[in-house]
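What follows is each chain in one-letter form.
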Amino acid sequence: MDTSNRINNVEFSPIRKLISYEEEALKKGKTIYHLNIGQPDLKTPKEFFQSISDFKEDTLTYAHSRGRKELIEEMIKFYKKHFHIDYKYEDILITTGGSEAILFTLLSIFDEGDEVLVSEPYYANYNNFFDLLNIKVNAFTADPKTGFHLPKREDIICKITPKTKGIVLTNPGNPTGVVYREEEMKLIGEIAKEYGLYIISDEVYKVFSYGKNRAISFGEIEGLEENVVLIESISKIYSACGARVGAVISKNEKLMNEIYKLCQARLSVSTLDMVGAQGLYSKLSDDYFRKNREEYEKRRDLVYNGISKISGIQVTKPEGAFYVVVTLPIENAEDFCIWLLTDFDLNGETIMLAPAEGFYSNKELGRNKIRISYCIELEKLEKSIKILDLGLKKYLEK
Ligand SMILES: Cc1ncc(COP(=O)(O)O)c(C=O)c1O
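All values reported here derive from a predicted model rather than from experimental measurement.

On to the packing of helix H5 (residues 97-109) against helix H6 (residues 125-132), then. Relative orientation and spacing of two packed helices are given, respectively, by the angle between their axes and the distance between those axes. Following both chains from N to C, one finds H5 and H6 inclined at 30 degrees, their axes separated by 10 Å at the closest point. In the crossing of H5 with H6, the sense of the turn from one axis to the other is right-handed. Facing H5, whose interface residues are Ser99, Ile102, Leu103 and Leu106, H6 presents Tyr126, Phe129, Phe130 and Leu132.

To continue, consider the domain arrangement of the protein chain. It is common to give the size of an interface as the accessible area that goes away when the parts come together. For the protein chain, the assigned domains are domain 1 (5-43 + 287-397) and domain 2 (46-283). Using only C-alpha atoms to locate each centre, domain 1 and domain 2 end up separated by 25 Å. The interface of domain 1 with domain 2 comprises 38 residues on the first partner and 43 residues on the second. Summed over both sides, the interface between domain 1 and domain 2 buries roughly 3200 Å², with carbon and sulfur atoms accounting for 58% of that surface.

To continue, consider the environment of Ser53. For Ser53, the position within the fold is in helix H3 (residues 46-53). The exposure class assigned to Ser53 is partly exposed, which follows from its relative accessible area of 43%. It is 39 Å that separates the C-alpha atoms of Ser53 and Glu11, two residues lying 42 residues apart in sequence.

Before going further, it helps to spend a moment on the pattern of salt bridges. All chains considered together, the criterion is met by 30 salt bridges. Ionic pairing is found between Arg214 and Glu220, a salt bridge with its closest N-O pair at 2.8 Å. Across the pair Lys254 and Glu258 runs a salt bridge whose closest N-O atoms are separated by 3.5 Å. Of this pair, Lys254 and Glu258 both sit in helix H9 (residues 253-265), four residues apart, which is roughly one turn of the helix.

Here we come to empty space enclosed by the protein. As enumerated under the stated definition, the model contains three cavities of 30 Å³ or more in all. Of the voids in this model, the largest cavity is the one considered here, and its volume is about 90 Å³. For the largest cavity, the lining is made up of 14 residues, of which Ser119, Pro121, Tyr122, Thr170 and Tyr180 are closest to its centre. Per element, the largest residue contribution to the lining of the largest cavity is three residues, and it comes from strand E5 (residues 164-170). Partitioned by chemical class, the residues of the lining of the largest cavity number nine nonpolar, five polar and no charged. Volume-wise, the second largest cavity comes out at about 50 Å³. In terms of lining residues, the second largest cavity is bounded by Gly147, Phe148, Thr176, Gly177, Val178, Thr316, Lys317, Pro318, Glu319, Val324 and Val325. Class assignment of the residues belonging to the lining of the second largest cavity gives a composition of five nonpolar, four polar and two charged. Looking at which domains feed residues into the lining of the second largest cavity, each of domain 1 (5-43 + 287-397) and domain 2 (46-283) supplies at least three.

Turning our eyes to something else, we now look at the packing of helix H4 (residues 69-83) against helix H10 (residues 271-283). Relative orientation of the contacting elements H4 and H10 amounts to 30 degrees, with a least axis distance of 9 Å. As summarised for this structure, H4 and H10 are arranged roughly parallel, according to the angle between their axes. Considering the relative orientation of H4 and H10, their crossing is left-handed. Together, Glu70, Leu71, Glu74, Met75 and Phe78 of H4 and Met274, Ala277, Gln278, Tyr281 and Ser282 of H10 make up the contact between the two elements. Classifying every residue of the contact of H4 with H10 by side-chain character gives six nonpolar, two polar and two charged.

Attention now moves to the layout of surface pockets. Taken as a whole, the largest pocket spans an internal volume of roughly 510 Å³. Around the largest pocket, the lining is made up of 25 residues, and of these Gly38, Tyr123, Asn125, Tyr205 and Lys236 lie nearest the centre. Counting only elements with at least two residues in the lining of the largest pocket, the list comes to H5 and strand E7 (228-233). Per-element tally for the lining of the largest pocket: the top contributor is H5, with three residues. Approximately 310 Å³ is the volume attributed to the second largest pocket. Together, 17 residues line the second largest pocket, and Glu11, Pro14, Asn127, Gly358 and Lys363 are the ones closest to its centre. In terms of residues, the lining of the second largest pocket owes the most to one element, H6, which gives three residues. Per-class residue counts for the lining of the second largest pocket are seven nonpolar, four polar and six charged. Domain assignment of the residues forming the lining of the second largest pocket places at least three in each of domain 1 (5-43 + 287-397) and domain 2 (46-283).

Taking strand neighbours across the sheet as the criterion, the three strands line up as E9-E12-E11 in an open arrangement whose pairing is antiparallel. Sheet topology places strand E9 (323-327) and strand E11 (354-355) at the edges, where each strand pairs with a single neighbour. The sheet contact formed by E11 and strand E12 (residues 369-373) spans two bridges and is antiparallel. Across the sheet, the residue bridging to Ala354 is Arg371, located in E12.

What follows concerns the sheet that holds strand E6 (residues 198-202). Where strands meet in a sheet, backbone hydrogen bonds hold them as pairs that are either parallel or antiparallel. A sheet is described by the order of its strands in space; here seven strands give the open sequence E2-E8-E7-E6-E5-E3-E4, paired in mixed fashion. At either end of the open sheet lies a strand with only one pairing partner, and these are strand E2 (92-95) and strand E4 (136-141). Averaged over all pairs of adjacent strands, the angle between strand axes in this sheet comes to 20 degrees, irrespective of strand direction. In this structure, strand E3 (residues 115-120) lies alongside E4, joined through six bridges in parallel fashion. Counterpart to Val118 in the pairing with E4 is Ala139. Sitting on the sheet, H4 touches E2, E7 and strand E8 (246-249), and the angle it makes with E2 is about 115 degrees. On top of the sheet, H5 reaches E2, E5, E6, E7 and E8; it is set at about 155 degrees to E7, its chief contact.

Conventions and cut-offs
- Residues numbered from 1 in each chain as written.
- Predicted model: local features only at pLDDT ≥ 70, side-chain atom pairs only at ≥ 80, totals over all residues.
- Heavy atoms only, no water.
- Axes fitted to C-alpha atoms, helices over the stretch in contact; angles between N-to-C directions.
- Helix = DSSP H or I, 4+ residues; strand = E, 2+ residues; numbered from the N terminus.
- Left-handed = near helix turned anticlockwise from the far one by under 90°.
- Contact = heavy atoms within 4.5 Å.
- Domains from an automatic or database assignment.
- Buried area = accessible area lost by both parts, 1.4 Å probe.
- Buried < 20%, exposed > 50% of the residue type's maximum accessible area, 1.4 Å probe, protein only.
- Salt bridge = Lys/Arg side-chain N within 4 Å of Asp/Glu carboxyl O.
- 1 Å grid on protein atoms, 1.4 Å probe; cavity = no way out; pocket = protein on both sides within 12 Å on 5 of 7 lines; lining within 4 Å.
- Points joined across faces, edges and corners; volume = space filled by probe spheres on them.
- Nonpolar A, V, L, I, M, F, W, Y, C, P; charged D, E, K, R; others polar.
- Parallel < 35°, antiparallel > 145°, perpendicular 65-115°, else oblique.
- Pairing = 2+ DSSP bridges.

And the structure:
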């Protein structure tokens, strides 16, 4: 029996590609620092678990397909408070993580053969959805030297064809750490208006921007109410990846109505996860975000300062999220990432990195790059940079 061409087109996640090498290294007794995945190590706030303990219903029923009303109301308050955006109940649909929000949004906008505009490098899992739905990717390339800010208008619009339906952007960026400036977002807004495009703005890292530039939400840019769809998630902002709660947010009534059909088809998001999420949105103060932001900023600074000193490496200071793309003085970064697991250690310790190829549509551009995720403690990051430095020297000698 055969499987569908649709699923045959989908590849395994490039971020997890090195798992078999990792398993071998672990069997040999090596300690591995994981710089390859965006799994925050900060504790999930106790408010999440408390809300679930306080939930006293006898039967765990399906929740409303839109999501729990109480959670939607808390999200509305969050957007008002932090982004000065007025959303109403119908503008928000709760989903099983940001991942389902992306899938439902793409399903509701793109037909097979339609085209999507993206800034590369981009979040690798988009490719799974693009491939599954047979959406053609037209990527314009963001330059590492600019910190992956958007290229010029001409370089973006030359990728638009009559089949282009929308643009997907991640802000703050994964894997780039870019935080778009207001002018860039307005430029995208103008292009979207002129060519009649949706702007699918994946903002799952929205509270993590460092230094003076706050991450602006696309929802704040006026006049784009029909174009903008936000992807939201509690995974990163509340360190709650296992809770699987996200949302699609848009003032485009027609689109939201269509996405709601998919929400109905899958019946409900996990009731208890939503109850926990309610506790997060309703009980945590601004202090919570401030502290976490400060912690990640320290990590960002340590990683950036450490790797910029490594000879031959090119890196631009990331401004948000918890990732940085690094250009290495080697041809094949994936081979180096494997070698670090199979052939290298420093006192029994090594690192696991994500080869950046999978974040590019033009794989050649990512071949000499890696993505580092700084979701681990400062002390472990410090050791990791040392391992990267020595490992790279040794790899270049061989
Ligand atoms: C840019 C981006 N969007 C969406 C997601 C999906 O997150 P989740 O499904 O956990 O909400 C991730 C996860 O790493 C991500 O990095």
